[in-house]
Amino acid sequence: MSIRNLDDLLAEGVSGRRVLVRADLNVPLDKQTGDITDDGRIRAVLPTLGALVQAGAKVVVCSHLGRPKGAPDPQYSLRPVAGRLGELLDARVHFATDTVGESARTTVDALADGQLALLENLRFNKGETSKDDAERGAFADQLAAFGEAYVDDAFGAVHRKHASVHDVPARLPHVAGRLVLREVEVLGRLTGEPERPYVVVLGGSKVSDKLAVIEALLPKVDRLLIGGGMCFTFLKAQGHEVGTSLLEEEMVETCGNLLARADGKILLPVDVVAADAFAPDAAHDTVPADGIPSHRLGLDIGPETVAGFTAALAGAKTVFWNGPMGVFEMPAFANGTRGVAEAITKTDAFTVVGGGDSAAAVRALGLDESSFGHISTGGGASLEYLEGKTLPGIAALEN
């Protein structure tokens, strides 16, 4: 795979040139206040944006936020992101109130060398996510008109066949930004010949979301530790009562087949924190994984499981973690995720956090980000990469 990178573009000279940057600024916002609750994705793109600004480029940044329905929706505006980006860059960010309309054209035309503009949410335009090639292409033409070169630094979106990710690179000289390049290098280590023992920790709510990656990883890993809501479908496959816990009934047989083929590689919880309700103040206690009361639901792995997972991680040389072990947003059910995350940081392994809720948990629980080898910005993208899928955004960057 051959991908030109940001340093190649900088070496050619970008001073005075318009550079269109696809960033992933899809940050969580507080529903009441509209404030950004986790700016990790904004900070992740700063090395690329800072280098372009320093080199005198006229930087035009585009991104999506949330899932608006192809039309402007104030709750998904990128305006709060423009404010935070300006604070982090210590520079004014010129904000366009539309994506390819009059405000965008005026804003981009007014940029001086070394200045940066942020366009409004890409998904306010139907063409961004359209499955119709012509409609998507027409939108890509409008976006490409804002740049003389294109930089993709939105790893969290490279698994999407969207106009700004897949179609714009065909219209402009294109390179991978620093974040995308780092992500591809790191995940390449996991799919190549990772140093062993190789331990994968998977959590999150649904087995169906992780089935393909489990299938792909099972032959390659030494241990596969499974927690989170998805563990209850596996426990059910073992014949255990799971009460009112999250369960994908249609996946029980599949999980049973996986366990039969795993040759002992898969480790499941031996105890869980079971609660009366899905609520932060619900009555709860720790019960054996094979003894969940019928009226209760599991919301976290228990301390014995944390100890067992910690022991399984202890000698690892490569660790990939994707998905929380419980409902970490509620303090009563965060201990499992915290315990396993801390165990990962204490290994001598090359450790990778697979984006999404796992990355959010690292920050929400106040863990030291630098104690992990790499924290991905793309949960879905990192999983699809490990599955061996062709990612449209990466394929578009290849020479």
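What comes next is a walk through the structure. If you're wondering where the values come from, they're calculated on a predicted model, not measured in any experiment.

**Quick look at the overall build of the chain**
Stage number 1. Helix and strand counts for the chain come out as 17 helices and 15 strands.
Stage number 2. A compact globule built from 399 residues should have a C-alpha radius of gyration of about 21 Å, and the chain, at 22 Å, falls within 12% of that.
Stage number 3. When burial is assessed residue by residue, the chain has 55% of its 399 residues classed as buried.
Stage number 4. Long-range contacts, defined as pairs at least 24 residues apart, comprise 72% of the intrachain contacts of the chain with a sequence gap of at least 6.
Stage number 5. Summing over all exposed atoms, the chain offers an accessible surface of approximately 16,200 Å²; the carbon and sulfur share of this is 47%.
Stage number 6. Charge separation in the chain, taken as the distance between the mean sites of 38 positive and 54 negative side-chain charges, equals 3 Å.

**Concerning the sheet that holds strand β5 (residues 149–153)**
Stage number 1. Strand order in this open sheet of six strands is β3-β4-β2-β1-β5-β6, and the pairing throughout is parallel. Looking at the sheet topology across the chains shown, the edges are occupied by β3 (93–95) and β6 (174–176). Taking the axes of each pair of neighbouring strands and ignoring which way they run, one obtains an average angle of 25° across the sheet.
Stage number 2. Together, β3 and β4 (116–118) form the strand contacts of helix α4 (residues 79–89), whose direction differs from that of β3 by roughly 165°.

**Structural notes on unusual backbone geometry**
Among all residues save glycine, negative phi is the norm, and among peptide bonds the norm is trans.
Stage number 1. Of the consecutive residues Arg196 and Pro197, the connecting peptide bond is found in the cis state with omega at 0°.
Stage number 2. As for its placement among the helices and strands, Pro197 is situated in the loop between α9 (178–191) and β7 (198–202).
Stage number 3. With phi around 55°, Asp90 is a residue other than glycine that occupies positive phi space.
Stage number 4. Looking at the secondary structure, you find Asp90 in the loop between α4 and β3.
Stage number 5. Residue classification places Asp90 among the exposed positions, given a relative accessible area of 71%.
Stage number 6. Even without a glycine there, the phi angle at Asp263 is positive, about 55°.
Stage number 7. Tracing the backbone through its elements, the reader meets Asp263 in the loop between α12 (252–261) and β9 (266–267).

**Topic: helix α10 (residues 207–217)**
Stage number 1. Along α10, the residues that are buried comprise Val207, Lys210, Val213, Ile214, Ala216 and Leu217.
Stage number 2. Packed against the buried residues of α10 are β7, β8 (223–226), α11 (231–237), α12, β13 (318–322) and α16 (379–387).

**Quick word on the pairing of strand β14 (residues 350–353)**
Stage number 1. On β14, burial covers both faces: Phe350 and Val352 on one face and Thr351 and Val353 on the other are all buried.
Stage number 2. Inspection of the sheet shows β13 paired to β14 by four bridges, in the parallel sense. Bridged to Trp321 within β14 is Val353.
Stage number 3. As for the winding sense of the linkage, the β-α-β connection from β13 through helix α14 (residues 335–345) to β14 is right-handed.
Stage number 4. In this structure, β14 lies alongside strand β15 (residues 374–375), joined through two bridges in parallel fashion. Within β15, the position partnered with Val352 by the bridge is His374.

**Looking at the pattern of salt bridges**
Stage number 1. The full count for this structure, using the stated rule, is 18 salt bridges.
Stage number 2. Across the pair Glu128 and Arg22 runs a salt bridge whose closest N-O atoms are separated by 3.7 Å. Placement of Glu128 in helix α6 (residues 126–129) and of Arg22 in strand β1 (residues 18–23) is noted, with a sequence separation of 106 residues between them.
Stage number 3. A relative accessible area of 0% places Glu128 in the buried class.
Stage number 4. Residue classification places Arg22 among the buried residues on the basis of a relative accessible area of 0%.
Stage number 5. The closest approach of N and O atoms between Arg84 and Asp39, which form a salt bridge, is 2.8 Å. With Arg84 in helix α4 and Asp39 in the loop between β1 and α2 (40–44), this pair connects stretches of sequence that are 45 residues apart.
Stage number 6. Judged by its relative accessible area of 27%, Arg84 is partly exposed.
Stage number 7. By relative accessible area, which is 14% here, Asp39 ends up buried.
Stage number 8. Each member of the salt-bridge network shares a partner with another, and the members are Asp38, Asp39, Arg43, Arg84, Glu87, Arg363 and Glu369.

**Some details on the packing of α9 against α16**
Stage number 1. Running from amino to carboxyl end, α9 crosses α16 at an angle of 40°, the nearest separation of the two axes being 9 Å. In this view, α9 runs oblique relative to α16, as classed from their interaxial angle. Pair α9 / α16 crosses with right-handed handedness. On α16, the residues touching Val184, Leu187, Gly188, Leu190 and Thr191 of α9 are Ser382, Tyr385 and Leu386.
Stage number 2. Of the residues assigned to the contact of α9 with α16, the class counts are five nonpolar, three polar and no charged.

**Describing the environment of Ser130**
Stage number 1. Within the secondary structure, Ser130 is located in the loop between α6 and α7 (133–144).
Stage number 2. Taking the C-alpha atoms as reference points, Ser130 and Gly70, separated by 60 residues in sequence, lie 9.1 Å from one another.

About the criteria used
Residues numbered from 1 in each chain as written. Predicted model: local features only at pLDDT ≥ 70, side-chain atom pairs only at ≥ 80, totals over all residues. Heavy atoms only, no water. Helix = DSSP H or I, 4+ residues; strand = E, 2+ residues; numbered from the N terminus. Rg over C-alpha atoms; globule rule 2.2 N^0.38 Å. Buried < 20%, exposed > 50% of the residue type's maximum accessible area, 1.4 Å probe, protein only. Contact = heavy atoms within 4.5 Å. Areas by Shrake-Rupley, 256 points an atom, 1.4 Å probe, with all protein chains shown as cover. Lys, Arg positive; Asp, Glu negative; His and termini not counted. Charge placed at Lys NZ, Arg CZ, Asp CG, Glu CD. Pairing = 2+ DSSP bridges. Axes fitted to C-alpha atoms, helices over the stretch in contact; angles between N-to-C directions. Right-handed = clockwise from strand over helix to strand, strands pointing away. Salt bridge = Lys/Arg side-chain N within 4 Å of Asp/Glu carboxyl O. Parallel < 35°, antiparallel > 145°, perpendicular 65-115°, else oblique. Left-handed = near helix turned anticlockwise from the far one by under 90°. Nonpolar A, V, L, I, M, F, W, Y, C, P; charged D, E, K, R; others polar.

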